[in-house]
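Each chain, written out:
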Amino acid sequence: VALLDRGPTGSHATGAGLRLASACTEILTAATALVDRADQLRDEQSHLPIATTRHVIDHFLADWITEADLAEVRIDVIESDTLRVAQAVRSGEAVLGFTDGPGAPVGLRSEVVAREDLLPVVGRSHRWFDRRRALSGGDLGAATLVRQRAGSGTRDVVDAALSAAGVAATGEEVEVSSATAARLAALAGVGVAFLPECRVARDLERGALAVVPVLGGRIEQPVRVVWRGARPSVRSARGLLDAIAAG
């Protein structure tokens, strides 16, 4: 089939050549789209956005990433509270999220990957610093409590535990923006703060904080990894999940 007519003034496409050129354009467009999509997939596989709470960043995340061997993956960490971590995963802003609230976020798959005791602590200037006799729920509820702002997983865990024990918070409430601020408030003797054991271990060892004995047992805070769908589509996310499970 002749595709070109050659003459003294140049070459011109034949009718068959024009029809074939149209088909070639479609093929080239499809091939370009295929290459672009391959580049996009490669970028997605080498990029892992993670939304997580500060508690997980400070005490868990670095070890998990090391165990997963993600040296070739660019990891973007979005720090927020438990409520907004779940929102980031639902919206697709993050592939994985780590929350520390009492329950699994609605609409997401999740697994509990760690547990931590929440301890009621006070500073040296607080009247309960040297207390040995366990407090009743009523005494605790009437005390000044240092609470993190709404959206905090720690706050939700404490609220759920107190409610389950029939304890009503009737005393003064001091709301702070973070666990770090809650720890500082406790050190200053402002009130009773419930904080993860790993965050206050050194303060307890050096006698800057003391655990207030409370009737009714321990409060346990779960740490969950959350994601959309049956299984994350990004390979590095699956690798991180596997490393956490193996650990």
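Rules used in this analysis
- Residues numbered from 1 in each chain as written.
- Predicted model: local features only at pLDDT ≥ 70, side-chain atom pairs only at ≥ 80, totals over all residues.
- Heavy atoms only, no water.
- Phe/Tyr/Trp six-rings, centres within 6.5 Å; stacked < 30°, edge-to-face > 60°.
- Helix = DSSP H or I, 4+ residues; strand = E, 2+ residues; numbered from the N terminus.
- Buried < 20%, exposed > 50% of the residue type's maximum accessible area, 1.4 Å probe, protein only.
- Core = buried A, V, L, I, M, F, W, Y, C linked by side-chain atoms within 4.5 Å.
- Contact = heavy atoms within 4.5 Å.
- Axes fitted to C-alpha atoms, helices over the stretch in contact; angles between N-to-C directions.
- Parallel < 35°, antiparallel > 145°, perpendicular 65-115°, else oblique.
- Nonpolar A, V, L, I, M, F, W, Y, C, P; charged D, E, K, R; others polar.
- Salt bridge = Lys/Arg side-chain N within 4 Å of Asp/Glu carboxyl O.

Details of the packing of aromatic side chains
One pass over the full model with this rule turns up two aromatic pairs. Taking 5.4 Å as the distance between ring centres and 20° as the angle between the ring planes, the aromatic pair formed by F60 and W64 counts as stacked. Of this pair, F60 and W64 both sit in helix α2 (residues 54-68), four residues apart, which is roughly one turn of the helix. For the pair F60 and W64, one class covers both residues: buried.

Considering the nonpolar core
Judged by nonpolar contacts, the single largest core of 21 residues is most densely connected at L48, V56, W64, L96, F98 and L240. The set of elements that each furnish at least two residues to this core consists of β3 (47-52), α2, β5 (96-99), β11 (219-227) and α8 (235-246). Contacts of L240, omitting those with residues within four sequence positions, involve L48, I50, W64, I65, A68, L70, L96 and F98. Of all hydrophobic cores here, the second largest spans 17 residues; its members include L118, W128, V167 and V212.

Observations regarding the packing of α2 against α8
Taken N-terminus to C-terminus, the directions of α2 and α8 make an angle of 105°; their axes are 8 Å apart at the nearest point. Of the possible angle classes, the one that applies to α2 and α8 is roughly perpendicular. Residues W64, I65, E67 and A68 of α2 lie in contact with α8, whose contacting residues are G239, L240, A243 and I244. Taken together, the residues of the contact of α2 with α8 break down into six nonpolar, one polar and one charged.

Focus: the pattern of salt bridges
Pairs can form between side chains of opposite charge whenever their charged atoms are close. Enumeration according to the criterion identifies 16 salt bridges in this entry. Linking R54 and D58 is a salt bridge whose minimum nitrogen-to-oxygen distance equals 2.8 Å. One end of the pair is R54 and the other is D58, both in helix α2 and four residues apart, which spans about a single turn. Taking the relative accessible area as the measure of exposure, R54 reaches 35% and is therefore partly exposed. A single network of salt bridges, built from pairs that share partners, joins R147, R155, D159, E173 and E175.

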